[in-house]
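Listed below are the residues making up each chain.
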Amino acid sequence: DSDIKKTYFNNKDLSDIKVSDVIDSFINLDPENTSQSALTLLKRITSDKALSNIKIEVVPTLDNNHAEWDSATNIIKMSRESLSELPADQVIRTVLHEVVHAKTASAILEPTTPEEKQLTSSVRQFIDNYSSLSNAYGFTNEMEFVAELYSNSDFRDEVQKLYEERPVFRNMFQKILDDIRRLFN
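Residues numbered from 1 in each chain as written. Predicted model: local features only at pLDDT ≥ 70, side-chain atom pairs only at ≥ 80, totals over all residues. Heavy atoms only, no water.

Attention now moves to the side chain of His97. Here His97 is to be found in helix 6 (residues 88–109). Under the relative-accessibility criterion, His97 is labelled buried at 7%. Polar contacts involving the side chain of His97 include one to the side chain of Glu148, which spans 2.9 Å. Once you skip the residues sitting within four places of it in the chain, His97 turns out to touch Tyr137, Glu144, Ala147, Glu148 and Ser151. (Helix = DSSP H or I, 4+ residues; strand = E, 2+ residues; numbered from the N terminus. Buried < 20%, exposed > 50% of the residue type's maximum accessible area, 1.4 Å probe, protein only. Polar contact = N/O pair within 3.5 Å; in protein donor to acceptor, adjacent residues only side chain to side chain. Contact = heavy atoms within 4.5 Å.)

Turning to the sheet that holds strand 1 (residues 17–18), a few remarks are in order. The mixed open sheet is built from four strands, whose spatial order is 1-2-4-3. Edge positions in the open sheet fall to strand 1 and strand 3 (67–70), since each of these has one partner strand only. Here strand 1 pairs with strand 2 (residues 55–59) via two bridges, running antiparallel. By the bridge assignment, Ile17 is partnered in strand 2 with Ile56. Across the sheet, helix 6 is in contact with strand 3 and strand 4 (75–79); its angle to strand 3 comes to roughly 20 degrees. (Pairing = 2+ DSSP bridges. Axes fitted to C-alpha atoms, helices over the stretch in contact; angles between N-to-C directions.)

To continue, consider the environment of Lys55. Tracing the chain through its elements places Lys55 in strand 2. Note on Lys55: relative accessible area 32%, which makes it partly exposed. Dropping the residues within four chain positions of it, Lys55 is found in contact with Ser15, Ile17, Lys18, Asn74, Ile75 and Ile76.

With that out of the way, let us pick up the nonpolar core. Grouped together as the largest cluster of nonpolar side chains are 56 residues, with contacts concentrated most on Phe126 and Phe145. Looking at this core element by element, the count peaks at ten residues for helix 6. Ignoring anything within four residues of it in the chain, the contact list for Phe145 reads Val123, Phe126, Ile127, Gly138, Phe139, Phe155, Val159 and Ile176. (Core = buried A, V, L, I, M, F, W, Y, C linked by side-chain atoms within 4.5 Å.)

For Asn64, which is not a glycine, the phi torsion comes out positive at approximately 60 degrees. Considering the arrangement of structural elements, one finds Asn64 in the loop between strand 2 and strand 3. Residue Asn64 is classed as exposed on the basis of its relative accessible area, which comes to 80%. Unusually for a residue other than glycine, Asn74 sits at a positive phi of about 55 degrees. Following the sequence through the fold, Asn74 ends up in the loop between strand 3 and strand 4. Relative accessible area serves as the criterion here: at 32%, Asn74 is assigned to the partly exposed category.

In C-alpha cells, the structure reads:
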C-alpha cells in the first residue's frame, strides 16, 4: 500500500483520497511527458470542485474492472489489485474515464437541454453507424463512447480513422467533440 499511496495519492491515507489527489500525483509524476491537451483537461477537472472532490475508494478487487463510478454515492471504486499492476498512465486514464462518467452521466442518460439532447442523439447515431466496424469498448453505449473518447487515446485514434474514412460523418463527429467540450467548460 505504501507504493500505491506514494505513486498515485500524494502519500495520503487510502481512506481519504479524492480525484484531485490522483491528478496532482500524476502531474507531478511525469509533467514533461503529459500532453498539453491532457494537462488542460486535468486542470479543468481540478478547477471543478464537484469533480475534484469525488472520493476514491480503494477496494481489494472489482469484477472485470479496474475501477467503477457509483452514481448513487458519487464514489469511484478502484481495485487495489489493478493499482498494483497497472502502469501510471493507465491508472490516470482509468480515473479520467470514471470522472467523465460522473460529469456526463445526467447529460447523456437524462438530457434536458437542447445541447445535451443533441449530444446524445449524435453519439447514438455515430455508434449505430460505426459500431459494426469495431470491437472497441467505447462503442458499447453513449456513456462509454464519451468516456473512452476522453480517456483512451487508442479509441480516439480508432474513431478518428473511421471518421477520416467516411467523410459524411465529419460534421457529426466534430459536433460531438464540441458538445463534450461544452460540458467540461
